[in-house]
Each structure stands twice: as structure tokens, then as C-alpha cells.
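An overview of the molecular structure
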Amino acid sequence: MTNIFLNPRKDHWPSLIQRPSSNHHDLERIVSEILADVKYNGDKALLKYSLKFDGIKPKSWQVSSEEIDGSENEISEPLKDALLIAKENIEKFHSAQVPKKIKKIKTTPGVVCWRKNVAIENVGLYIPGGTAPLFSTLLMLGIPAKLAGCKNIIVCTPAGADGNINAAILFVAKMLGLKNIYKVGGAQAIAAMAYGTESVPKIDKIFGPGNSFVTCAKKLVSMGNTSIDMLAGPSELAVYADETCVPSFVAADLLSQCEHGIDSQVMLVATNMEIIENVVTEINQQLPFLTRKKIVNQSLVNSRFILMENEQAAFDLINVYAPEHLIIASEKAKKLSARIINAGSVFLGNYSSESSGDYASGTNHSLPTSGTANTYSGVSVDSFVKKITFQKINRKGLNNIGPAIEAMAEAEGLDAHKNAITIRLKTQDDETV
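This is a predicted model, so every value here is computed, not measured.

With that out of the way, let us pick up the overall build of the chain. When helices and strands are counted, the chain shows 17 helices and 14 strands. Taken over 433 residues, the chain has a buried fraction of 47%. Intrachain contacts of the chain at a sequence separation of at least 6 include 74% that bridge at least 24 residues. Carbon together with sulfur atoms contributes 53% to the accessible area of the chain, which is approximately 21600 Å² in total. The positive charge centre, built from 45 side chains, and the negative charge centre, built from 45, are 7 Å apart in the chain.

This is the structure we're talking about:
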């Protein structure tokens, strides 16, 4: 394995932490054409791309209530139980993010300010299908959307070769009370939600991960009047491992992230060379038994195995990388976590697998990637609301802050701003005569 690096100098870090890249110019050209086609031709364009990319011609774009109800008979009882556990834990964690009451702040006598959460009314959730239908993502997006109080929630997800939506995705939708589900995927689904078609309603904000075409489409529509959660993908994981780690656990976590796609990236930062050697050995032992080993092998080309004997330097490197997921595989993980300032979601200790956060621990798995964790957070209830500020000022309050406002407005040369205060102060003077 050639992607092992020993105590790299700081000036080498930028090249070391580069993510896999693609030809963005060609991608944007192709996606722009799809977006324009759907914008101007609606369902006709959706049908064209459904036939072209998926080889299917849906009888109806919207999933029927019978299809949703029938999903319960198509999945196993153990999976139903697992989904219920995940739902309960995700709801518990995200419910705590809903403010219990509005807190009003008296900034000065006579001036009261407050902030109120108001749900985004129309939201669209994109759920990837294909070889790995991510029903877990519907839990991660649908639950906070419902808790936030979004009025209209639609779901777009591609149908399989048989023209049907994955039964687990439909069952999750039923669990969450989501009824507006559409059989459309790819960049054309993002276009449909952004612009609206005869069948798919226009929404205000789009959520959800996807391949490079979906991500590019989200980026392009966000330049208009459609908001997005974030530009997520490809997936990534960093693991910090010291002498108290369990190499087989570390290897399993690295492999689990690699199976997302050939452009996924994993990074191991270890405190001694023996850890790296043991983890590589475990990878070679576990890899042959994975069903997606071909994808994993290609993804491992993007991997980094880094020896960092200096603990502070190790965490400095991780913070510069700003990983989507970070596992601290150490018995002193809680103490070490204080060093983390850039990461999407952090998993502490040898038993905190990244897979737990992907499915059922309760935290959200829709997280910032490509180094954007240095400024962005993962999806939460806050992602589905606007925070509107209010202020109530009485005569006493205006007397207290009015002169300051007049002075500031005058200094900025904004006479009308000053006059809006002066006219009120004069009226108060007249009324007291």
C-alpha cells in the first residue's frame, strides 16, 4: 500500500487532504441542460429522462396510497422493528432541538426583542435509490421536517427497474405520515422540485444527498430562488487511533465508509506504525467477504494512512481536514474530543461505530463534506425553520434609544432614517405639552 505517510510536514498537508475530484465543467454543462429541459417541458422532460436513465415509464409520477399501505407487507418484521427503534431515537434527539418557549429579552427599558422559529412551508426531500436505497435518509430528513412543522413535505426518489419504489422507503414514509411521494430521481428530480411540473409541486428548500449529478443540480438551482440544505458528498471518514484502539473495529469502520462509492474517502491518523500495519492487515482479511468489495477497492485508492506521533499535530491535521465523520478510537476519547473544532459528527470510543450515527443512535447522518464542516453543521430541526426576530418599543423605549439612532443615522448620511425617529420623538413632545 503506497498511501501511507509518516509524520508529514505541515506544508504537505494541503495536498495530503485533497478530496477526489471530477470534471466539473462537463458535469455542469450536462446538468444545466437537464434543468432547463425540466423547467420548460415539465413532465414531458421527466418522462424522457426516466426512460433514458432508468428504463422505466411510470404510469403515474405520484405513488398511490395503496402502494404506500402495501409496503407493510413487503418488508420483514425484524426490519420493521429496527426502523421503529431508529425512529424513536432520532425523534428523541431531534425533539430536544425544538424550543420549548420563546424567550423575550428586554434590551433596555421600553424595548423588548425576541426570536421565533417559523417552519419553512414547502420542502422537498431527495432520497437516493439505485443499488442502495437510503430509507435511513428519509428518517433523518422526514423526522426533523415534521418536528419543525413544515406544512407541505414532498419526497422524490427513483423507482427500480420494476417501476416501483423500494418498500422500506415507502414503509418509512407511512410511519412518518408522508403521503406526497414521487417516482423520479437524479438531476431531473431536483429540477422538478425547484421549478415544479404538472405533477411535482414546486418547493422552497431541497434536502438530501445524491450522486454528482444530484449535487451539481442542487448547486445550480440554489443560485435561483430555491434553497438547499448543503452540497453533500462524496462521503468521508477520518479515524484517530492510538494504542488503545481495536484494529479490527477501525478496519471495519474504514471499509464501511468506502462502500458508499468509488469517490468516498477514508483517512486513518495513527499514533504509531504498528497500528497502521494491524489495521491494514484487518482490512485485507475483511475485504474479501464484502458484497461491495469492488467499490471498496476503488475507494481505497483515495484513502490516507498517516502516522502522526505528536498528538496535537494529529488533531491539527484532522481539524484542517474537517471530516464529515470522525471516530476517536481511544479509551481517552472524551478527553481528546476537546481538541476537535471542525467535524460534522464525532464518535467517541471503540464502540461508537460511524454506522450507529448512520442509522439509529439518534444524531443526523446528513452532514457537511469536502471540508465544509469548518463552517457548516449537519441537518437538524433548525434546517427546516426560519428564525424571525421581533421587537416591541414603547414611548419610554424610544426616548431611551432614539437619540443614539439619530446620531448614528446622521453620521451615515441617512437623513430619512434619522427622521423616522425624530418625527416620533417630536410627536411624543407635542402630546406631553
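What follows continues from the structure just given.
A few words now on the pattern of salt bridges. Inspection of every chain in the model, using the stated rule, returns 15 salt bridges. In this structure, Glu67 engages Lys183 in a salt bridge whose closest nitrogen and oxygen atoms are separated by 3.0 Å. Pair noted here: Glu67 is in helix α4 (residues 65-70) and Lys183 is in strand β6 (residues 180-183), with a separation of 116 residues, a long-range link. For Glu67, a relative accessible area of 24% corresponds to the partly exposed category. A salt bridge links Asp69 to Lys174; the shortest N-O distance between them is 4.0 Å. Placement of Asp69 in helix α4 and of Lys174 in helix α7 (residues 167-176) is noted, with a sequence separation of 105 residues between them.

The subject of this paragraph is the nonpolar core. Residues Leu125, Leu138, Leu178 and Phe384 are the most contacted members of the largest nonpolar core, which totals 40 residues. Of all the elements in the fold, those that place two or more residues in this core are α5 (77-95), β4 (122-126), α6 (135-148), β5 (152-157) and α7. The contact partners of Phe384, leaving out residues within four places of it in the chain, are Ala119, Ile120, Val123, Leu125, Leu141, Pro144, Ala145, Ala148, Cys150, Phe207 and Val379. By size, the runner-up hydrophobic cluster in this structure holds 30 residues, among which are Val31, Trp61, Ala189 and Ala217.

Here three strands make up an open sheet; going across it, the order is β2-β3-β14 and the pairing antiparallel. A single partner strand is all that each edge strand has here, and the edge strands are β2 (105-108) and β14 (385-393). Looking at each pair of strands side by side, their axes are set apart by 30° on average, direction ignored. In this sheet, β14 lies alongside strand β3 (residues 111-119) in antiparallel orientation, the contact comprising nine bridges.

Here six strands make up an open sheet; going across it, the order is β1-β11-β10-β9-β12-β13 and the pairing parallel. The open sheet is flanked by β1 (4-6) and β13 (345-348), the only strands paired with a single partner. Ignoring which end each strand starts from, the neighbouring axes of this sheet average 15° apart. Against the sheet, helix α11 (residues 273-286) makes contact with β1, β9 (236-241), β10 (265-270) and β11 (304-307), and its axis sits at roughly 155° relative to β11, the strand it touches most.

What counts, and where the lines are drawn
- Residues numbered from 1 in each chain as written.
- Predicted model: local features only at pLDDT ≥ 70, side-chain atom pairs only at ≥ 80, totals over all residues.
- Heavy atoms only, no water.
- Helix = DSSP H or I, 4+ residues; strand = E, 2+ residues; numbered from the N terminus.
- Buried < 20%, exposed > 50% of the residue type's maximum accessible area, 1.4 Å probe, protein only.
- Contact = heavy atoms within 4.5 Å.
- Areas by Shrake-Rupley, 256 points an atom, 1.4 Å probe, with all protein chains shown as cover.
- Lys, Arg positive; Asp, Glu negative; His and termini not counted.
- Charge placed at Lys NZ, Arg CZ, Asp CG, Glu CD.
- Salt bridge = Lys/Arg side-chain N within 4 Å of Asp/Glu carboxyl O.
- Core = buried A, V, L, I, M, F, W, Y, C linked by side-chain atoms within 4.5 Å.
- Pairing = 2+ DSSP bridges.
- Axes fitted to C-alpha atoms, helices over the stretch in contact; angles between N-to-C directions.

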